[in-house]
Amino acid sequence: MKYLKQFLIILTISFIGEILKELLPLPVPASIYGMVILFVCLLSGIIKLDSVRETGKLLIEIMPVMFIPAGVGLIASWNVLKPLLIPVSIITCLTIVTVMIVSGHVAQIIIKKGKNKEQM
Amino acid sequence: MKEFFETSAFAGVTISLMAYMAGVYLKKKLKLGLFNPLLVSIIATIVVLAVAHVDYDTYNEGAKYLSWLLTPATVCLAIPLYEQFELLKSNFKAVFSGILAGVITSLVTVLALSSVMGLSHEEYVTLLPKSITTAIGMGVSEELGGYVTITVAVIIITGVLGNIFAEIICKIFKIHEPVAKGLAIGSASHAIGTAKAMEMGEIEGAMSSLSIAVSGILTVILASVFANFL
């Protein structure tokens, strides 16, 4: 019964996320509302970590395969994408690299500064 | 038999998962980043569907249950985030500066390249939300008057490429701190990249999960400003 109970809690939160998405006029998906709700519930102790942990970890472990249908779906949008293929490819590849470098290094520099201060 | 395969609800998904496991095995044996299980699986499935003349809608009859699990799985990303909450608190400044810098870099890069390559306003706003999670990105693209189908395709391609190249980029550009790695991956390649961050470690996964939510929300606000620039 453990897994069923945990799955029920996770689904209930997903459902509440869906309701919020319906009520609030923001382009935020149900899953993000749900993630915030679960995080707040765990922090405040309304939901204990033990009552979602195993099922949650299972879902996270198999998460990559959930993106396969969306990836395969690219064949369906191939015709729309084709005329823009070259600029889109260049922009996509370069943006990944610039964002990773800037975001990673800004965080890394601030973390290192903090560590140096502690040592002094 | 052929007709049966064309209408089977389990065939497509079974092939996708088998190809995924084959990708995992190949990557382990050959230690090559190119054999990204997600990429192997997507390509193998596309090839099988094309050869067997199965259309995407038929495949999706079974595969939609995989997609269905995405919302509860994304909700569960709160779990590693909660487990790493102490780390988040003690690195608060670094975490939020990193994500904000990532969001601005994404918007600036798209703006610069779009104007260099002479894209139209519609094409430009289509690409603006490319680094964030699909559901938020779709909303942004729609609101700014972009081509939503292309936005979705570009977001998925970004995620898959991020998933494949995250480890290499972090290594080449000397991003060593687990917190910084997670933020970089999440800001650049949302949930699909986060799946990779999760494999790299608990801290990377938690920070990447946080980036999905925060960078998504920041992009909603900042993209509407950036839309005026081209």
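Residues numbered from 1 in each chain as written. Chains lettered and ligands numbered in written order. Predicted model: local features only at pLDDT ≥ 70, side-chain atom pairs only at ≥ 80, totals over all residues. Heavy atoms only, no water.

A.B. asks: What is the right way to read the overall build of chain A from this model?
C.D. replies: Looking only at helices and strands, chain A has six helices and zero strands in total. For chain A, the N- to C-terminal ordering of α and β elements is α-α-α-α-α-α. Over its C-alpha atoms chain A spans a radius of gyration of 20 Å, topping by over 25% the 14 Å that the globule rule assigns to 120 residues. Dimensions of chain A, computed from the C-alpha atoms along their principal axes, are close to 55 × 50 × 30 Å. Long-range pairs, those at least 24 residues apart, make up 47% of the contacts in chain A between residues at least 6 apart in sequence. About 6600 Å² of surface is accessible on chain A, with carbon and sulfur atoms providing 71% of the total. Averaging the coordinates of the 11 positive side-chain charges in chain A and doing the same for the 6 negative ones gives two points 9 Å apart. (Helix = DSSP H or I, 4+ residues; strand = E, 2+ residues; numbered from the N terminus. Rg over C-alpha atoms; globule rule 2.2 N^0.38 Å. Contact = heavy atoms within 4.5 Å. Areas by Shrake-Rupley, 256 points an atom, 1.4 Å probe, with all protein chains shown as cover. Lys, Arg positive; Asp, Glu negative; His and termini not counted. Charge placed at Lys NZ, Arg CZ, Asp CG, Glu CD.)

A.B. asks: Teacher, can you tell me more about the confidence of the model for chain A here?
C.D. replies: Low-pLDDT portions of the prediction should not be read for the details of their coordinates. Here chain A averages 90 in pLDDT, while 98% of its residues score no lower than 70. Across chain A, the element-wise mean pLDDT spans from 82 in helix H5 (residues 78-81) of chain A up to 95 in helix H1 (residues 2-23) of chain A. (pLDDT = per-residue confidence, 0-100.)

A.B. asks: I tried to follow helix H8 (residues 92-116) of chain B on my own but got confused; where do I start?
C.D. replies: In an α-helix, one full turn covers 3.6 residues, which means residues spaced three or four apart are oriented alike. In this model, H8(B) (25 residues) spans 36 Å end to end at C-alpha, consistent with the 36 Å of a helix rising 1.5 Å per residue. Within two residues after H8(B), B:Gly118 carries a phi angle of roughly 65 degrees, on the positive side. (Expected span 1.5 Å × (residues − 1).)

A.B. asks: Explanation requested: the interface of chain A and chain B in the structure shown.
C.D. replies: Interface size, as often reported, equals the accessible area lost upon joining of the parts. Every contact between the two is made by 65 residues of chain A and, on the other side, 92 residues of chain B. Between chain A and chain B, a total of about 7100 Å² is buried, with carbon and sulfur atoms accounting for 85% of that surface. At the boundary of chain A with chain B, the tally comes to three salt bridges. Put simply, chain A and chain B have 10 residue pairs in polar contact (both at pLDDT 80 or more) between them. Within the residue set of the side of chain A that touches chain B, elements represented by two or more residues are H1, helix H2 (30-44), helix H3 (53-61), helix H4 (68-72), H5 and helix H6 (85-119) of chain A. With 24 residues, H6(A) is the single largest residue contributor to the side of chain A that touches chain B. Looking at the side of chain A that touches chain B, its residues break down into 48 nonpolar, 14 polar and three charged. (Buried area = accessible area lost by both parts, 1.4 Å probe. Salt bridge = Lys/Arg side-chain N within 4 Å of Asp/Glu carboxyl O. Polar contact = N/O pair within 3.5 Å; in protein donor to acceptor, adjacent residues only side chain to side chain. Nonpolar A, V, L, I, M, F, W, Y, C, P; charged D, E, K, R; others polar.)

A.B. asks: Would you explain the packing of aromatic side chains in this entry?
C.D. replies: Ring pairs (aromatic) are described by centroid distance and by the angle formed between their planes. Residue and element names in this part refer to chain B. Using the criterion set out here, one finds four aromatic pairs over all chains in the structure. For the ring pair Phe92 and Phe96, a centre distance of 4.7 Å and an interplane angle of 45 degrees mean the geometry is tilted. Within this pair, Phe92 and its partner Phe96 are both found in helix H8, separated by four residues, close to a single helical turn. Exposure remark for Phe96: the relative accessible area of 31% places this residue in the partly exposed category. (Phe/Tyr/Trp six-rings, centres within 6.5 Å; stacked < 30°, edge-to-face > 60°. Buried < 20%, exposed > 50% of the residue type's maximum accessible area, 1.4 Å probe, protein only.)

A.B. asks: Teacher, can you tell me more about the side chain of B:Thr45 here?
C.D. replies: Here B:Thr45 is to be found in helix H3 (residues 37-51). We classify B:Thr45 as buried; its relative accessible area is 1%. A polar contact is formed between the side chain of B:Thr45 and the side chain of B:Ser16, at a distance of 3.2 Å. Here B:Thr45 is in contact with A:Ile68, A:Val72, B:Ser16 and B:Tyr59, once residues within four sequence places are set aside.

A.B. asks: For this particular structure, what's the right way to read the environment of B:Pro129?
C.D. replies: All names here are of chain B. Turning to its location among the elements, Pro129 is positioned in the loop between helix H9 (121-127) and helix H10 (134-144). Judged by its relative accessible area of 0%, Pro129 is buried. Once the C-alpha coordinates of Pro129 and Ser141 are considered, the two residues, 12 residues apart in sequence, prove to be 6.7 Å apart.

A.B. asks: Got a minute to help me understand the pattern of salt bridges in this structure?
C.D. replies: It is possible for side chains of opposite charge to pair when their charged atoms get near one another. Taken as a whole and assessed by the stated rule, the structure comprises 10 salt bridges over all chains. Connected via shared salt-bridge partners are B:Lys27, B:Glu167, B:Lys196 and B:Glu199.

A.B. asks: Sorry if this is basic, but what is going on with the confidence of the model for chain B here?
C.D. replies: Residues and elements named next belong to chain B. Averaged over all residues, the pLDDT of chain B is 89; the fraction at 70 or higher stands at 97%. By mean pLDDT, helix H1 (residues 2-7) is the weakest element of chain B at 69, and H8 is the strongest at 95. For this predicted complex, the interface confidence comes out at an ipTM of 0.89, alongside a pTM of 0.84.

A.B. asks: Just to check I follow, could you spell out the packing of helix H11 (residues 148-172) of chain B against helix H12 (residues 178-200) of chain B for this structure?
C.D. replies: Two numbers describe a pair of packed helices, the interaxial angle and the distance between the axes. All names here are of chain B. Packing of H11 against H12 brings their axes to within 8 Å, and their N-to-C directions diverge by 80 degrees. Considering the angle they form, H11 stands roughly perpendicular to H12. For the pair H11 and H12, contact is made by Ile155, Ile156, Thr158, Gly159, Val160, Gly162, Asn163, Ala166, Glu167 and Cys170 and by Lys181, Ile185, Ala188, Ser189, His190, Ile192, Gly193, Ala195, Lys196 and Met200, respectively. Residues belonging to the contact of H11 with H12 are distributed by class as follows: 10 nonpolar, seven polar and three charged. (Axes fitted to C-alpha atoms, helices over the stretch in contact; angles between N-to-C directions. Parallel < 35°, antiparallel > 145°, perpendicular 65-115°, else oblique.)

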